[in-house]
Amino acid sequence: APKRLVVLGGGVVGVELAQAWSTLGSKVALVEAMDTLIAREEPFAREEVETALRDAGVEVHTGAKASRVRREEGPGAGAPSSPGREGDGAPRRGTVVVELEGGDTVEGEDLLVAVGRQARLDGLGLDTVGVEADPTLTIDETMRVGGLDWLYAVGDLNGRALLTHMGKYQARVAADHILGKGATAGRYDGALAPRVIFIEPQVAAVGHTLESALEAGVHVRAVDQPTASVAGASFHGRNAPGTARLVVDEDRKVIVGATFTGPDVAEFLHAATIAVTGEVALDRLWHAVPAFPTRSEVWLRLLEAYGL
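Reading guide: rules and limits
- Residues numbered from 1 in each chain as written.
- Predicted model: local features only at pLDDT ≥ 70, side-chain atom pairs only at ≥ 80, totals over all residues.
- Heavy atoms only, no water.
- Helix = DSSP H or I, 4+ residues; strand = E, 2+ residues; numbered from the N terminus.
- Buried < 20%, exposed > 50% of the residue type's maximum accessible area, 1.4 Å probe, protein only.
- Areas by Shrake-Rupley, 256 points an atom, 1.4 Å probe, with all protein chains shown as cover.
- Lys, Arg positive; Asp, Glu negative; His and termini not counted.
- Charge placed at Lys NZ, Arg CZ, Asp CG, Glu CD.
- 1 Å grid on protein atoms, 1.4 Å probe; cavity = no way out; pocket = protein on both sides within 12 Å on 5 of 7 lines; lining within 4 Å.
- Points joined across faces, edges and corners; volume = space filled by probe spheres on them.
- Nonpolar A, V, L, I, M, F, W, Y, C, P; charged D, E, K, R; others polar.
- Pairing = 2+ DSSP bridges.
- Axes fitted to C-alpha atoms, helices over the stretch in contact; angles between N-to-C directions.
- Contact = heavy atoms within 4.5 Å.
- Expected span 1.5 Å × (residues − 1).
- Arc of directions from axis to C-beta.
- Patch = residues over 30% accessible without salt bridge, like charges linked within 9 Å, V, L, I, M, F, W, Y side chains within 5 Å.
- Salt bridge = Lys/Arg side-chain N within 4 Å of Asp/Glu carboxyl O.
- Polar contact = N/O pair within 3.5 Å; in protein donor to acceptor, adjacent residues only side chain to side chain.

Counting its secondary structure elements, the protein chain contains seven helices and 12 strands. Overall size of the protein chain, expressed as C-alpha extent along the three principal axes, is 70 × 60 × 35 Å. Classification of the 308 residues of the protein chain by burial places 43% in the buried group. Put simply, the protein chain shows about 16,200 Å² of open surface, and 52% of that area lies on carbon and sulfur atoms. Charged side chains in the protein chain number 30 positive and 43 negative. The centres of these two groups are separated by 3 Å.

With that out of the way, let us pick up the layout of surface pockets. Quantified by volume, the largest pocket comes out at close to 1,300 Å³. Forming the walls of the largest pocket are 44 residues, and the residues nearest its centre are Gly11, Val12, Val13, Arg40 and Arg117. For the lining of the largest pocket, the elements supplying multiple residues, two or more each, are α1 (12–23), β2 (27–32), β8 (195–197), β9 (202–207) and α4 (210–215). Residues belonging to the lining of the largest pocket are distributed by class as follows: 23 nonpolar, 11 polar and 10 charged.

Once that is clear, we can look at the sheet that holds strand β7 (residues 110–113). Strand order in the open sheet formed by four strands is β3-β2-β1-β7, and the pairing between neighbours is parallel. Among the strands making up the open sheet, the edge pair consists of β3 (59–62) and β7. Neighbour to neighbour, the strand axes of the sheet diverge by 15 degrees on average, direction disregarded. Bridge analysis of β2 against β3 gives four bridges, and the strand direction is parallel. Its bridge partner lying in β3, Ala29 is registered against Glu59. Against the sheet, α1 touches β1 (4–8), β2 and β7, its axis set at about 170 degrees to β2.

Its 15 residues give helix α3 (residues 164–178) an end-to-end C-alpha distance of 21 Å, which sits within 8% of 21 Å, the value for a rise of 1.5 Å per residue. Turning to α3, its buried residues number three or more, namely Met166, Gly167, Gln170, Val173, Ala174 and His177. The arc that holds the buried residues of α3, viewed along the axis, is 120 degrees, so those residues lie on one side. Structural note: α3 exposes Thr164, Lys168 and Arg172 on the side pointing more than 90 degrees away from its buried face. Count one or two residues on from α3 and you reach Gly180, which has phi positive near 85 degrees.

Once that is clear, we can look at a nonpolar patch on the surface. On the surface, a cluster of nonpolar side chains totalling about 190 Å² of accessible area is made up of Val12, Val13 and Leu17. Position of Leu17 relative to the elements: it lies in helix α1. Residue classification places Leu17 among the partly exposed residues on the basis of a relative accessible area of 31%.

Spatially, β4-β5-β6 is the arrangement adopted by the three strands of the open sheet, whose pairing is antiparallel. The sheet is open, and its two edges are formed by β4 (66–72) and β6 (105–108), each paired on a single side. Mean inter-strand twist for the sheet, computed between neighbouring axes without regard to direction, equals 20 degrees. Of the pairings in the sheet, the one linking β4 to strand β5 (residues 95–100) comprises six bridges and is antiparallel in character.

Take the side chain of Asp189 next. Inspection of the secondary structure assignment puts Asp189 in the loop between α3 and β8. Of note is the side chain of Asp189, whose polar atom sits 2.8 Å from the side chain of Arg160. Aside from chain neighbours lying at most four places away, what touches Asp189 is Met143, Arg160, Met166, Tyr169 and Gln170.

Next up on the list: the environment of Tyr306. Tracing the backbone shows Tyr306 in helix α7 (residues 298–306). Residue Tyr306 is classed as buried on the basis of its relative accessible area, which comes to 10%. As for Tyr306 and Ser212, which are separated by 94 residues in sequence, their C-alpha atoms are 20 Å apart. With residues near it in sequence (within four places) discarded, Tyr306 still touches Arg221, Val223, Val248, Glu250, Lys253 and Leu282. For Tyr306, the side chain forms a polar contact with the side chain of Glu250, separated by 2.5 Å.

Okay, unusual backbone geometry next. For the peptide bond that leads from Asp134 to Pro135, omega is -15 degrees, which places it in the cis range. When you line up the elements, Pro135 lands in the loop between β7 and α3. The omega angle of the peptide bond from Phe292 to Pro293 is -5 degrees, so this bond is cis rather than trans. Unlike most non-glycine residues, Asp264 shows phi in positive territory, near 55 degrees. Within the element layout of this structure, Asp264 appears in the loop between β12 (254–262) and α5 (269–277). With a phi close to 50 degrees, Glu279 is a non-glycine residue in the positive phi region. Here Glu279 lies in the loop between α5 and α6 (282–285). Judged by its relative accessible area of 31%, Glu279 is partly exposed.

Printed below as a string of structure tokens:
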């Protein structure tokens, strides 16, 4: 592990790896151009993740856009390190300097770039069949590439949801369609897909945030509860920080989004995904009784807070 590491990008990959390298002993500085980390998630999730990173010793720079990166070679650069020092025998690589707009700099031994992914489309021969990718392949709800009835694209190549489980789901949709079953992707194959940020505290979400629902013109109300507000939370740290939120469509009385933060909340997510994609009415969901004493009783607390 480098003694000092600069992570460029405060999205999912950036925050996960900033914490990971910090736990391995690196002094980490995280640089994010936007004013907040994990900007697509609920504000409370952003705040809890940033607090956890800072508490772990990560130096967080938000609203800080990198304008230039250079490596400054120090004395003896390229030579083996001194005997008896940590990393004995490794070459000295100097210092990476990340210049920020406004004149500030952040330094480290190495730079980890986590500012987005690009589909690996080169060499596939797409040009030979008249397909252009800019920067991903455009597909329909069956995963077929536009204009062709024989070419399908799943996973990162189509850019809809850059998640392993969604690539697997898209492959099932494509295979079913090829087999004549007429399958099409659901409404949550995209930015609203189930997603987990594997950090402490974990962030698990599906569907809309309150903000994205309002932007989509949905008449919604959010209800919040502490994730640790039930007896089962005792097994994961009494009063451990964390928040559970449901975003409810007030016109249809169904859940259109859910977000959970806290220890090991990824396992909460599938119940929320079923409720959201199945559009289970709240007055019916009320009768899905969570067992005592489990952490799933947070669903009871949330529905009570909503007013059922």
